[in-house]
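As a plain string of letters, each chain reads:
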Amino acid sequence: MERITWHQYFMAQSHLLALRSTCTRLAVGATIVRDKRIIAGGYNGSIAGGAHCMDEGCYIIDNHCVRTIHAEMNAILQCAKFGVPTEGSEIYVTHFPCLHCCKAIIQSGISAVYYAKDYKNHPYALELFQQANVLVRHVPFDKNVLSLLRHID
Ligand SMILES: [Zn+2]
Ligand SMILES: [Zn+2]
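Residues numbered from 1 in each chain as written. Chains lettered and ligands numbered in written order. Predicted model: local features only at pLDDT ≥ 70, side-chain atom pairs only at ≥ 80, totals over all residues.

Asks: Account for the packing of helix α3 (residues 71–82) against helix α4 (residues 99–107), naming residues and giving values.
Replies: Contact geometry for α3 and α4: axes closest at 9 Å, N-to-C directions at 30°. Comparing the axis directions of α3 and α4 gives the class roughly parallel. α4 is crossed by α3, and the crossing has left-handed handedness. Residues E72, M73 and I76 of α3 form the contact with α4, whose own contacting residues are C101, A104 and I105. (Axes fitted to C-alpha atoms, helices over the stretch in contact; angles between N-to-C directions. Helix = DSSP H or I, 4+ residues; strand = E, 2+ residues; numbered from the N terminus. Parallel < 35°, antiparallel > 145°, perpendicular 65-115°, else oblique. Left-handed = near helix turned anticlockwise from the far one by under 90°. Contact = placed C-beta atoms within 7 Å.)

Asks: Summarise the UniProt feature "binding site: Zn(2+)" (unreviewed entry) in the chain; cite the residues concerned and give the values.
Replies: When the UniProt feature table is mapped onto this chain, "binding site: Zn(2+)" (unreviewed entry) is found at H70, C98 and C101. Maximum C-alpha separation among the annotated residues is 8.9 Å over a sequence range of 32 residues, consistent with a single clustered spot. Positionally, H70 belongs in the loop between β6 (68–69) and α3. Of the residues examined, H70 has 24 C-beta atoms within 10 Å and is grouped as buried. For H70, the residues in contact, after removing those within four places along its chain, are V28, N44, C98 and C101. Along the chain, C98 falls in the loop between β7 (90–95) and α4. (UniProt positions renumbered as here; feature names shortened; annotations may be inferred. Buried ≥ 20, exposed ≤ 12 C-beta atoms within 10 Å, placed from the backbone.)

Asks: Run through the pairing of strand β2 (residues 37–43), naming residues and quoting values.
Replies: Side chains on a regular strand alternate between the two faces of the sheet. One ladder, built from six bridges, connects strand β1 (residues 29–34) with β2; its direction is antiparallel. Opposite T31, over in β2, you have G41 as the bridge partner. With antiparallel pairing between neighbouring strands as the criterion, β1 and β2 make up a hairpin whose turn holds two residues, including D35 at a positive phi of roughly 50°. (Pairing = 2+ DSSP bridges.)

Asks: Please provide a residue-by-residue account of the sheet that holds β1, values included.
Replies: Read across the open sheet, the five strands follow the order β2-β1-β7-β8-β9; overall the sheet is mixed. Because the sheet does not close on itself, it has two edges, and the strands there are β2 and β9 (135–138). Taking each pair of neighbouring strands and ignoring which way they run, the sheet shows an average axis angle of 20°. Of the pairings in the sheet, the one linking strand β8 (residues 112–117) to β9 comprises four bridges and is parallel in character. Its bridge partner being in β9, V113 is matched across the sheet by V136. Contacting β1, β2 and β7, α3 crosses the sheet at an angle of about 130° to β2.

Asks: Tell me what's going on with the environment of D142, and back it up with residues and numbers.
Replies: Residue placement: D142 occurs in the loop between β9 and α6 (144–147). Classification of D142 by C-beta neighbours within 10 Å gives partly exposed; the count is 16. Between the C-alpha atoms of D142 and M11, which are 131 residues apart in sequence, the distance is 8.8 Å.

Asks: So what's going on with the nonpolar core? Residues and values would help.
Replies: Counting residues in hydrophobic clusters, the biggest one holds 31 residues, and the most contacted among them are A30, I91, Y92 and V93. Where this core is concerned, the elements lending two or more residues are α1 (6–18), β1, β2, α3, β7, α4, β8 and α5 (123–131). Considering every element that reaches this core, the biggest residue donor is α1, with five residues. With residues near it in sequence (within four places) discarded, V93 still touches S14, V28, A30, A71, E72, V113 and Y115. (Core = buried A, V, L, I, M, F, W, Y, C linked by C-beta atoms within 7 Å.)

Asks: Quick rundown of the pairing of β8? Include the residues and the values.
Replies: Sheet analysis places β7 next to β8, joined by five bridges and oriented parallel. Paired with Y92 across the bridge in β8 is Y114. Note on the crossover from β7 through α4 to β8: the handedness is right-handed. For the segment spanning β8, α5 and β9, crossover handedness is right-handed. (Right-handed = clockwise from strand over helix to strand, strands pointing away.)

Written as C-alpha cells, this is what we have:
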C-alpha cells in the first residue's frame, strides 16, 4: 500500500473543502496546519446564515463576487473565533491567494503558503510575501491520491 505525503494529505483536505464552496465562480479550499495537525479549514462561502451564490446568484461588484468570504479568510477567522493562534502555522490552498487574503495571511503570522494552482498570481502579493519572509511554494495536487481510497475497505 502506498503512503501519501503530508503535502498531498493537506492538499487533499483543501480540495475536499473546495467541494463545499457555494460560489459558482470559483471553488476554493484552505487548510491551516500547525506541527502536522489541521487547526482550521475554510472554503469560498457566504457569511453564516446568508444567501448562497448557488441559490441567489453571485453579487458582482467590479467583476468580483462580494457575497462570499474567501477560503483563506474563513480559515483564519475560524481560528479567531475559537481562539486558536495562527502565528507560525502554514496554509494549504487550492489556488494562489488574492491580494486581500495575502495580506491577511501575512498579518496573522502564517509562515508558509502551499498552493496547488496558479490563479492570477499578483506580483504585489509575491512581493509582500517575500518582504514578510513567508515561504510560498507551488505544490500541485495529485488527484491520483484520491484513487488510493479504493485500498481502504
Ligand atoms: Zn459568488
Ligand atoms: Zn482571497
